[in-house]
Amino acid sequence: MACLDNKIVLQMNHIMKIYSNGVVANEDVSIELKKGEIHALLGENGAGKSTLMKVLFGIESPDEGQIFLNGQETTIRSPQDAINKGIGMVHQHFMLVPSLTVAENIILGVEPKKGGLFIDMEKAVQEAEVIAGKYNFDIDVRAKVEEIPVGIKQKVEILKALYRGADILILDEPTAVLTPQETDELFVQLEKLRDNGHTIIFISHKLDEIKRICDRATIMRSGRSMGTYEVKDISTEEMSRLMVGREVVLTFDKKPAAPSGVLMKVRELSVRNGQGVLKVDSLSFDLRGGEILGIAGVEGNGQSELIDSLTGLNKSYKGSICIKDTDIEKCSIKDIRELKVAHIPEDRMTSGCAGNLNILENMFSNQYTDPDYSGKILLKMKKIQERSEELIREYLVKCRSYKQNVGMLSGGNIQKVIVAREFSTGPDLIIANQPTRGVDVGAAEFIRRRLLEFRDAGCAVLLVSADLNEVFSLSDRLAVMYKGKFSGMFTDVAAVTEEELGQYMLGLKHQEEQEGVIYE
Amino acid sequence: MNSAKRFDMFRMFFSVLIALLISFVIIFFVSKEPVTAITTLITGPLKSKRNMGNVVEAMVPLIFTGTGVCIMFSANQINLATEGGFHLGGLVAAAVALKLGLPAGLSPIAAICLAALAGAIFCTIPAVMKIKTGAPELVSSLMINYLSLWLCTFILMYALQDPSVGSASYKLPAESELPTIIKGTNIHAGLLLALIVAVLGYVFLFKTRTGYELRLTGENESFARYSGINIVKVVLISQMVGGVIAGMGGGVELLSPIYSRFSWTSLLGYGWDAIIICTLAKKNPLYTPLAALFLAYLRTGASIMARYTDVTLEIVQITQGIIILLVVAEQFLSGMKHRMIAKEAKASLKEGEVA
């Protein structure tokens, strides 16, 4: 468990990084890494973890501060430079070429050559197998990346870094896309790497994972380091206090649900994606007012296609969707919104906001036609200003004023702007797709509380989330989506264990008879 | 004003300055009397009332097309049909003035209204083609300008031509001419109309429901769609409004005291200039008069220089080109911007510690 010796391999001293939008992402941050340790970098979103790692990996250059590698002061000019110096990074979003094989991905850019010109494929496969064997990664290196599951893709990313000679490995939220089983496997690998003398930086805001696998943790809060701690000496509560600056309630006191009438009725819904692949497979379910229906599942099992159809973004589906007795087949997105449906989109930057417009302009895109905020032609700017100032206060959006461009805010604050917009219309039905993804603990808690408040007020909530804690703590009914169908439906959420859920998510288990899906 | 906006202004001035300096260097190389040439370029427009008048007259069409393009580009529709819309507007205004025989007062109003209508229909064609067939508006609008040019030339030759002068229409009746507002110059009522259009363009984009929909669509189309905005409607309206303004501009220009006949047998280039105006005005119609003043001044100066010295008019094209390149090159001076912002951020950190 402990480090091999106490040799310091890397020191980052007094790093300051200011972005071009004036955001001080790192303000005098120092961190020290020992050989053979798993070092957690812990903090809320916008705390400056990613920035610090971008500085280390040569993506960003610091405004102040020094980096010492094995005692020598050094400047890291580019990711290539970082790789040459033995630093590897596994990004949250995989950087792999799907149509190439595992071996081809591993050697990409540093290919073994035949005659100085052609790629020596045999040697490439051999080398990939050697490196996989060396670190006990059980991977078929001839498989195409597009055909392997997420957990394996992550291993390929790690192997890619190791192949390039990384001694220091940066993992950016590596478990975000993994099932509990895959996470377990990853942790075993990481421990092996550590025992091999590698240093691993583990970026995360999941406290239980840090407790499980990390030796030391550096905690960051709003661009500053809150200190480095031995993980075994610090409690989860203490860590979260350092992270957010106050105690976070990790569980919710939830009143029992009091479901009313059915607000949304989905029957035999089938959706194909652009390539003609069946993504939602004759799915039927009901959603009642006053309840939260959670949908868990590994990403890409039809959740996005389901949500797109429910919200009117996708019109080519088979089957029927009724919201409050209105069949939405002929409804425009605006018509659906007028049925008092709110939608928190999966990806906030692509469809949730316009980064170059200011907070005010982003807060009214769903209600500017409301007679309170505009006449037939002109907008009532004064009223809109007052209302957006009110919403900024109510939703605790950290900003200079409503005139600030949304693109200049941190991820959590952008999400708050979106949530404020969607919730401020007083919806009857909320469709929330990954509402707290990449959002800091404080903001996530805030958003979850709001969802519960709406449910208590009789609103129907459909919650799609990859965060198991979230679906567990919020859902009144919990469905697991696997290959376009519900592989399981649980009406007693408290009785389900994470492991069991994981098995449904991976399709290892499947309920034939499902209770409580529809009410007729 | 925050520091980022201030920096943008500074960068704009700096780009203009660099462009001018490069032009001066070129003048030094090609001219036998460079100092005279440069002095004429800079002070020429101020030398006489007539010259100053020329600057202001030249602003009018630039404000019109610039405002039109600001609105089209705000919806992220790179429609270049303004050029053809302006041309067509001129022809329609000439036809109305010559053929309808309306009394003074009514004649220019009718001519400008119909010119605006023609511009609207013309500029909407690329938008319709995009919606119906998926044709990229950049390409279709670029090519359609030639349709406008040759259609107008055809109509000129077969319906409006005065056989005694060749490729020009009959003389426009006095009833249709826009009145001069400052004696001793050709500055005409069209200037007032242009300024009104710039202000209304601003109000439309920033204060109305449709303008908001338009900017939202321009900034992020999938966000606009998700919000429930009808994208097709927005695209059509933006191009139509842009076309109205372009067509109007063409009508006003032709009815101004500068022209006595319709004699446009080649594209005048105001549509291209509009892109420069739009870039300098940062897509805000309210700034188009300022941008137009700058460009008009430079051109008037250059034409005076070309008349009195050995430097040709084309030097302005170089200046324009450099300005556009520098303004749109986002990374230009980015290091300096970063240092400025970092300094400010550090200062506010220190302040925070003291307080």
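Residues numbered from 1 in each chain as written. Chains lettered and ligands numbered in written order. Predicted model: local features only at pLDDT ≥ 70, side-chain atom pairs only at ≥ 80, totals over all residues.

Asker: Go over the overall build of chain B with me, naming the residues and quoting the values.
Answerer: Broken down by element type, chain B carries 14 helices and 0 strands. Along the chain direction, N to C, the helices and strands of chain B fall in the order α-α-α-α-α-α-α-α-α-α-α-α-α-α. The globule rule puts the C-alpha radius of gyration for 355 residues at 20 Å, and the 22 Å found for chain B is close to it. Taking the principal axes of its C-alpha atoms as reference, chain B extends roughly 80 × 60 × 35 Å. Of all 355 residues assigned to chain B, the portion counted as buried reaches 46%. (Helix = DSSP H or I, 4+ residues; strand = E, 2+ residues; numbered from the N terminus. Rg over C-alpha atoms; globule rule 2.2 N^0.38 Å. Buried ≥ 20, exposed ≤ 12 C-beta atoms within 10 Å, placed from the backbone.)

Asker: Describe the sheet that holds strand 16 (residues 317–323) of chain A, naming the residues involved and giving the relevant values.
Answerer: All names here are of chain A. Judged by pairing direction, the sheet is antiparallel, and its 4 strands sit side by side in the order 14-13-16-17 without closing on themselves. Pairing within the sheet leaves two strands with one partner each, and these edge strands are strand 14 (278–288) and strand 17 (326–327). As paired elements, strand 13 (residues 262–272) and strand 16 share 6 bridges and run antiparallel to each other. Within strand 16, the position partnered with Arg267 by the bridge is Ser320. (Pairing = 2+ DSSP bridges.)

Asker: Describe unusual backbone geometry, listing the residues and the values that go with them.
Answerer: Of note, the phi angle at Asp325 of chain A is positive, near 70°, even though the residue is not glycine. Tracing the backbone shows Asp325 of chain A in the loop between strand 16 and strand 17. You can call Asp325 of chain A exposed: it has 10 C-beta atoms within 10 Å. Unlike most non-glycine residues, Lys283 of chain B shows phi in positive territory, near 60°. For Lys283 of chain B, the position within the fold is in the loop between helix 11 (270–280) and helix 12 (288–308).

Asker: I'd like to hear about helix 7 (residues 190–207) of chain B, residue by residue, with values.
Answerer: Residue and element names in this part refer to chain B. With 18 residues, helix 7 should reach 26 Å at 1.5 Å per residue; the first-to-last C-alpha distance of 25 Å fits that figure. Here helix 7 has its buried residues at Gly190, Leu191, Leu193, Ala194, Val197, Ala198, Gly201, Phe204 and Leu205. The buried residues of helix 7 occupy one face: seen down the axis, they fall within an arc of 155°. Looking at the buried residues of helix 7, the elements they touch are helix 3 (49–74), helix 8 (209–219), helix 10 (231–255) and helix 12. (Expected span 1.5 Å × (residues − 1). Arc of directions from axis to C-beta. Contact = placed C-beta atoms within 7 Å.)

Asker: Describe in detail the pairing of strand 12 (residues 224–230) of chain A, supporting the description with residues and values.
Answerer: All names here are of chain A. As paired strands, strand 11 (residues 216–221) and strand 12 are joined by 5 bridges and run antiparallel to one another. Bridged to Thr218 within strand 12 is Thr228. The hairpin turn running from strand 11 into strand 12, its antiparallel successor, is 2 residues long, and Ser222 in that turn takes a positive phi close to 30°.

Asker: Residues and numbers for the environment of Leu172 of chain B, please.
Answerer: Residue and element names in this part refer to chain B. With respect to the helices, strands and loops of the structure, Leu172 is situated in the loop between helix 6 (137–160) and helix 7. Its 20 C-beta neighbours within 10 Å are what place Leu172 among the buried residues. Linking Leu172 and Arg261, residues 89 residues apart in sequence, is a C-alpha distance of 5.6 Å. The contact partners of Leu172, leaving out residues within four places of it in the chain, are Ala94, Ala97, Leu98, Glu177, Ser260 and Arg261.

Asker: Provide a residue-level description of the nonpolar core, including the pertinent values.
Answerer: Counting 238 residues, the largest nonpolar core has Ile201, Phe202, Val461 and Leu463 of chain A together with Ala93 and Ile277 of chain B as its most contacted members. Per element, the largest residue contribution to this core is 12 residues, and it comes from helix 3 of chain B. (Core = buried A, V, L, I, M, F, W, Y, C linked by C-beta atoms within 7 Å.)

Asker: I'd love a proper account of the pairing of strand 19 (residues 429–433) of chain A, names of residues and values included.
Answerer: Residue and element names in this part refer to chain A. For strand 19, a buried count of 5 out of 5 residues is recorded, marking the element as mostly surrounded by other parts of the structure. Burial of the side chains of strand 19 extends over both faces: Leu429, Ile431 and Asn433 are buried on one face and Ile430 and Ala432 on the other. As paired elements, strand 18 (residues 341–344) and strand 19 share 4 bridges and run parallel to each other. The partner of Ala342 across the bridge, within strand 19, is Ile430. Sheet topology places strand 19 next to strand 20 (residues 460–464); 5 bridges connect them, and they run parallel. Residue pairing in the sheet places Leu429 in a bridge with Ala460 of strand 20.

Asker: Run through the packing of helix 4 (residues 82–99) of chain B against helix 5 (residues 106–133) of chain B, naming residues and quoting values.
Answerer: Residue and element names in this part refer to chain B. The contact between helix 4 and helix 5 brings their axes to 8 Å, and the two run at 145°. In the packing of helix 4 onto helix 5, the handedness of the crossing is right-handed. Residues Thr82, Gly84, Gly85, Leu88, Gly89, Val92, Ala93, Val96 and Ala97 of helix 4 form the contact with helix 5, whose participating residues are Ser107, Ala110, Ala111, Ile112, Leu114, Ala115, Ala116, Ala118, Gly119, Phe122 and Cys123. By residue class, the composition of the contact of helix 4 with helix 5 is 14 nonpolar, 6 polar and no charged. (Axes fitted to C-alpha atoms, helices over the stretch in contact; angles between N-to-C directions. Left-handed = near helix turned anticlockwise from the far one by under 90°. Nonpolar A, V, L, I, M, F, W, Y, C, P; charged D, E, K, R; others polar.)

Asker: How would you sum up the environment of Pro126 of chain B? Please name residues and give values.
Answerer: Residues and elements named next belong to chain B. On the secondary structure map, Pro126 appears in helix 5. Residues Pro126 and Tyr226, spaced 100 residues apart in sequence, show a C-alpha to C-alpha distance of 25 Å. Once residues within four sequence positions are removed from consideration, Pro126 is found in contact with Asn79, Ala81, Glu137, Ser140, Ser141 and Ile144.

Asker: Outline the confidence of the model for chain B, supporting the account with residue identities and numerical values.
Answerer: Predicted confidence across chain B gives a mean pLDDT of 88, with 96% of residues reaching 70 or more. For chain B, the element scoring lowest by mean pLDDT is helix 14 (residues 334–354) of chain B, at 69; helix 7 of chain B scores highest, at 95. (pLDDT = per-residue confidence, 0-100.)

Asker: Outline the interface of chain A and chain B, supporting the account with residue identities and numerical values.
Answerer: Across the boundary between the two partners, chain A contributes 27 residues, which contact 22 residues of chain B. Residue assignment for the side of chain A that touches chain B shows that the elements contributing at least two residues are strand 2 (24–34), helix 10 (333–338) and helix 11 (348–352) of chain A. Of the residues contributing to the side of chain A that touches chain B, the split by class is 13 nonpolar, 10 polar and 4 charged.

Asker: Could you give an account of helix 15 (residues 441–456) of chain A, with specific residues and numbers?
Answerer: Residues and elements named next belong to chain A. Between its first and last C-alpha atoms helix 15 spans 22 Å; for 16 residues at 1.5 Å apiece the expected length is 22 Å, and the two agree. If you check which residues of helix 15 are buried, you get Val441, Ala443, Ala444, Ile447, Arg448, Leu451, Phe454 and Arg455. Burial along helix 15 is one-sided: seen end-on, the buried residues are contained in an arc of 165°. Positive backbone phi, approximately 100°, marks Gly458, located one or two places after helix 15.

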